[in-house]
Amino acid sequence: MAVLMAACAAPLAGYAATAQYEIGSRVVATAELPVSRPAGKPCVAALFSHEAFDDQGDGSSMEARPHAFHFAPPAGCSGPWSKVVLEADFSVPAGRQFDRTAALWLGGVNLYFGTTIEPEPGVAQHWHVERDLSDYAALFRQAQAGQMILNNWISPATSQPIYLDMRLVFYPAADGQPAVAAADRVYPMSADPRGQQAALDNPQQSLSREITFPRNVERAYLDVIAQSQGFDERWYICVDKPYLEKTRDYSLESFEACDGGSFRGVEVLVDGQPAGLAPVYPWIFTGGIEPRLWLPTPAFQTANFIPTRVDLTPFAGLFDDGKPHAVAVRVPGAHHFFNVAANLLVYLDPKASQLSGEVTQNTLAAQQPAGLVVHDTLHADAAGRTVGTIDTDQSQSGTIAGRLHTPHGDLTTTVQYTGGFHNHMNFSRPGDKRYDETVDQVGTMKVVMERRLDGKHLDGYMVEQRDPLYLSVQKTMITTGQDFTAFVAMKQGHRIETRRTDTKGADYHGLLDENLATRDHAPGKPIPDPLDHTDFAYNEVGDEQATFTDSLGSCYRTAIQSRDGRLIKASEGAGCPGNANRLDGRSRPDHPWLMPLDPK
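What you see is a predicted model; the values in this text were computed from it and never measured. (Residues numbered from 1 in each chain as written. Predicted model: local features only at pLDDT ≥ 70, side-chain atom pairs only at ≥ 80, totals over all residues. Heavy atoms only, no water.)

1. Some details on the pairing of strand β32 (residues 566-572)
Step number 1: Strand direction decides the pairing type here: strand β31 (residues 555-563) and β32, joined by six bridges, are antiparallel. Across the sheet, the residue bridging to Ser562 is Leu567, located in β32. (Pairing = 2+ DSSP bridges. Helix = DSSP H or I, 4+ residues; strand = E, 2+ residues; numbered from the N terminus.)

What follows is the structure in structure tokens.
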């Protein structure tokens, strides 16, 4: 997935569409990568054309009226396809509006999930998103209904509609561009057949669906997105309840003084037993922490969340028994609340109508989060003011293995998880009116999969994800309550590395590395009502870099800088061959596992 400026050049074979950065602009800009494109002229199926999301109502409402559409494969272009890409262009006029949650559904399957960009009184915003949906190609072979849920309301305080143009782009398979190895079945996890996020208020609640599978399931994957909302929106600065009142005065606003601790994660279950783990990415919306930080460069994935793919292949033999099985998603640490969406992708054995098998090993802890430890040094200083630290650490590992009896032998799949989490909060009082807080956090996840046929290595992969986050707030009180100034600094990273081997012995290596640093000295009330930006001043400085390389020869490097809410510098391709960005059409820099090898 990627977020680009709305104006994009036409894609060339093997090359990415290039963002047209406008120096001096206050329109949203980001260095995040686009979807790679194959050669050839694509077919296009329009979903929305300048659709207005402008329902009259309560601007703070969490409800939304779905906007329906009807999808049909483009005439004369029913497949097979080498790639399928979702493209969307959003815009919001200058004025007053919140950042809003948006999600696209087709046949109950989630195709897009993100948030919109919060506008300014004098600056309209427009932005482009795209997502590689090639794995979902089976979903697009027939006409069906879909809907877009964009929680936007027009009220006396929220004056602006949000407009959307959205389409699916299909690249026909051709010589040198084989058909994508898509899943044979795509199962929506939504409880609503039209598609709807699930709101999970606590770790015990789950998004769950019972499914009776075909009898020849060979592999299965769950794509899951867990979006933090409500008091969980800034979960990385939350503290356990005993610390809440002690540290409340350090918060930028009372809304941010949240309990529940600073750890959040994703747990997948099959028939109630642990089946997989995934990290929760610390998404920051354009109304989050301090809105001026994100103008013009929003935090990573703000407008386009990247799903995490959880490998459920060890359960294939269980799925093949002809009985219904419950697949569920929970959010350990959830404390009000998380929006969760998930899709199940299933690959079938084309040479057998019925398989059998069993789960042979499962050492994942039965209750998550496992290994969570919280330690503090909070105390009163000489002046009686609360200072000190809170450290939250979590580590976990586990192995799941399953055996599948097939006509070509016994196929064993082993998935190993190693996860880690560290959050260090420091509270200090350098002066009578100063409240300084820092949050230094990193989450890691390593997944190693190997398949063996009759005991011999068949294929496998290793994926490592690392998500560092740093937040510093230096708050100076003027009088009381919300009357203060604050210097806010944020650093955010996202790194995914993968190594893969396929059944033919070929190997692949890919690396995505993104880093963002931004800071702002907020005058007066540091987080004004987002609907009243009359004192909207800038002291913002931002710096963002994105890099992707892989063993197919792809090289993509982009860096942008901003100051006082305007783009001041952009560099594309520096350090790549010919100092030009190039993405091989097979590369998947937008995908969480960066996987170009044929999964079959």
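Still to come is the rest of the account.
2. Comments concerning the pattern of salt bridges
Step number 1: All told, the structure shown has 25 salt bridges when counted by the stated rule.
Step number 2: In this structure, Arg26 engages Glu120 in a salt bridge whose closest nitrogen and oxygen atoms are separated by 2.7 Å. Highlighted residues: Arg26 in the loop between β1 (2-4) and β2 (43-53) and Glu120 in the loop between β7 (109-115) and β8 (125-132), separated in sequence by 94 residues.
Step number 3: Among the residues examined, Arg26 registers a relative accessible area of 22% and is labelled partly exposed.
Step number 4: As a salt-bridge pair, Arg588 and Asp135 come within 3.7 Å of each other at their nearest N and O atoms. Of this pair, Arg588 sits in the segment after β32 while Asp135 sits in the loop between β8 and β9 (144-150), and the two are 453 residues apart along the sequence. One exposure class covers both Arg588 and Asp135, and it is buried.
Step number 5: Each of the salt bridges in this network shares a partner with another, and the network as a whole consists of Lys83, Asp132, Asp135, Asp223, Arg309 and Arg588. (Salt bridge = Lys/Arg side-chain N within 4 Å of Asp/Glu carboxyl O. Buried < 20%, exposed > 50% of the residue type's maximum accessible area, 1.4 Å probe, protein only.)

3. Examining the pairing of β9
Step number 1: Burial analysis of β9 places six of its seven residues in the buried class, the great majority of the element.
Step number 2: Sheet topology note: the strand β4 (residues 67-71)/β9 ladder contains five bridges and is antiparallel. In the strand pairing of β9, Ala68 is matched with Gln147.
Step number 3: By the bridge criterion, five bridges tie strand β6 (residues 101-106) to β9 in an arrangement that is antiparallel. For Trp105, the partnering residue across the bridge sits in β9 and is Gln147.

4. A closer look at the packing of aromatic side chains
Step number 1: The tally for this structure, following the rule as stated, stands at 20 aromatic pairs.
Step number 2: Plain terms: the ring middles of Tyr250 and Tyr435 are 5.3 Å apart, the flat faces sit at 85° to each other, and that makes the pair edge-to-face. In this pair, Tyr250 is assigned in the loop between α1 (241-247) and β16 (265-270) and Tyr435 in strand β26 (residues 434-453), connecting sequence segments 185 residues apart. The residues Tyr250 and Tyr435 share a single accessibility class, namely buried.
Step number 3: Centre to centre, the rings of Trp283 and Phe305 are 4.2 Å apart; their planes meet at 20°, and the pair counts as stacked. Of this pair, Trp283 sits in the loop between β17 (273-279) and β18 (308-311) while Phe305 is found in the loop between β17 and β18, placing the two residues 22 residues apart along the sequence.
Step number 4: Overall, Phe305 belongs to the buried group, its relative accessible area being 0%.
Step number 5: An aromatic cluster of three or more residues is present, and its members are Phe113, Tyr281, Trp283, Phe285 and Phe305.
Step number 6: Over the ring of Tyr435 we find Lys475; its NZ or CZ atom is 5.6 Å from the centre of that ring. (Phe/Tyr/Trp six-rings, centres within 6.5 Å; stacked < 30°, edge-to-face > 60°. Lys NZ or Arg CZ within 6 Å of the ring centre and 35° of its normal.)

5. Re the sheet that holds β4
Step number 1: Here four strands make up an open sheet; going across it, the order is β4-β9-β6-β7 and the pairing antiparallel. Strand pairing shows two members of the sheet lacking a second neighbour, β4 and β7, which therefore form its edges. Averaged over all neighbouring strand pairs, the angle between strand axes comes to 15°, with direction disregarded. (Axes fitted to C-alpha atoms, helices over the stretch in contact; angles between N-to-C directions.)

6. Comments concerning the state of the cysteines
Step number 1: One pass over the structure, following the stated rule, counts three disulfides.
Step number 2: Sulfur-sulfur distance for the disulfide between Cys238 and Cys258 comes to 1.9 Å. Across the disulfide from Cys238 to Cys258, rotation about the S-S bond amounts to roughly -100°, and the bridge is consequently left-handed. Here Cys258 lies in the loop between α1 and β16 and Cys238 lies in the loop between β15 (217-228) and α1, a separation of 20 residues in the sequence.
Step number 3: What makes Cys258 buried here is its relative accessible area of 4%.
Step number 4: Bridging Cys555 to Cys576, the disulfide has an S-S length of 2.1 Å. With the S-S bond torsion at -80°, the cross-link from Cys555 to Cys576 turns out left-handed. (Disulfide = S-S within 2.5 Å.)

7. Side note on unusual backbone geometry
Step number 1: With omega at 10°, the peptide bond leading from Leu295 into Pro296 counts as cis.
Step number 2: Along the chain, Pro296 falls in the loop between β17 and β18.
Step number 3: Between His336 and Phe337 the backbone carries a cis peptide bond, its omega angle lying at -10°.
Step number 4: Among the structural elements, Phe337 can be located in the loop between β19 (324-330) and β20 (338-348).
Step number 5: Here the phi dihedral of Asp271 falls at roughly 50°; this positive angle occurs in a residue that is not glycine.
Step number 6: If you trace the backbone, Asp271 turns up in the loop between β16 and β17.
Step number 7: Although it is not a glycine, Ile289 sits at a positive phi angle of roughly 65°.

8. Describing the nonpolar core
Step number 1: Among the nonpolar cores identified, the biggest contains 93 residues, and Leu222, Leu312, Val340, Leu344 and Tyr417 are the most heavily contacted of them.
Step number 2: Ranked by size, the runner-up nonpolar core spans 44 residues in total, among them Val28, Val84, Ala137 and Ala182. (Core = buried A, V, L, I, M, F, W, Y, C linked by side-chain atoms within 4.5 Å.)

9. Some details on the sheet that holds β17
Step number 1: Pairing is antiparallel across the open sheet formed by four strands, whose spatial order is β14-β19-β16-β17. Because the sheet does not close on itself, it has two edges, and the strands there are β14 (207-212) and β17. Going from strand to strand, the sheet's axes swing by 20° on average, the running direction of each strand aside.
Step number 2: As paired elements, β16 and β19 share four bridges and run antiparallel to each other. Opposite Val268, over in β19, you have Val329 as the bridge partner.

10. Focus: the environment of Arg466
Step number 1: Tracing the backbone shows Arg466 in strand β27 (residues 456-477).
Step number 2: Judged by relative accessible area, Arg466 falls into the partly exposed class, the value being 43%.
Step number 3: Sequence separation between Arg466 and Leu378 is 88 residues; the distance between their C-alpha atoms is 29 Å.
Step number 4: When sequence neighbours within four positions are dropped, the list of residues in contact with Arg466 reads Val442, Gly443, Thr444, Gly493, His494 and Arg495. (Contact = heavy atoms within 4.5 Å.)

Remember, this is a structural readout, not a statement about activity or role.
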